[in-house]
Amino acid sequence: MIRDWNREKIEQEIWKIKFAATDPRMDGFTTWGCKQDLIRLKYYIEDALEDCSTYVGEQEFVDKLEAERTFRELKKTHA
């Protein structure tokens, strides 16, 4: 299989959309359009994941990511 995509670049593109969606200098019409793009991407990814197989070690991988997310959220609330 040829991997002709780059996860980091995809993340950068999503970050750009998030930045635009949360830019306080932009109007609600613009930021709402950006958030709609993020929501569409979320559903697209969820649908794609439903089509994928389940792998050994997958749940541990997901659990680790969830723990990291929880830790980041806790740091935000206690900062």
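Residues numbered from 1 in each chain as written. Predicted model: local features only at pLDDT ≥ 70, side-chain atom pairs only at ≥ 80, totals over all residues. Heavy atoms only, no water.

Draft legend 1. Just the overall build of the protein, in detail. The secondary structure content of the protein amounts to 3 helices and 0 strands. Projected onto its principal axes, the C-alpha coordinates of the protein cover approximately 45 × 40 × 20 Å. Taking all 79 residues of the protein together, the buried fraction comes to 5%. Total accessible area computed for the protein in this model is approximately 7,800 Å², and 59% of it derives from carbon and sulfur atoms. Here the protein carries 14 positive and 17 negative side-chain charges, and the mean point of each set is 7 Å from the other. (Helix = DSSP H or I, 4+ residues; strand = E, 2+ residues; numbered from the N terminus. Buried < 20%, exposed > 50% of the residue type's maximum accessible area, 1.4 Å probe, protein only. Areas by Shrake-Rupley, 256 points an atom, 1.4 Å probe, with all protein chains shown as cover. Lys, Arg positive; Asp, Glu negative; His and termini not counted. Charge placed at Lys NZ, Arg CZ, Asp CG, Glu CD.)

Draft legend 2. Representation of helix H1 (residues 7–21) within the structure. With 15 residues, H1 should reach 21 Å at 1.5 Å per residue; the first-to-last C-alpha distance of 21 Å fits that figure. The opening residue of H1, the one whose side-chain oxygen lies 2.9 Å from the backbone nitrogen of Glu8, is Asn6. (Expected span 1.5 Å × (residues − 1). Polar contact = N/O pair within 3.5 Å; in protein donor to acceptor, adjacent residues only side chain to side chain.)

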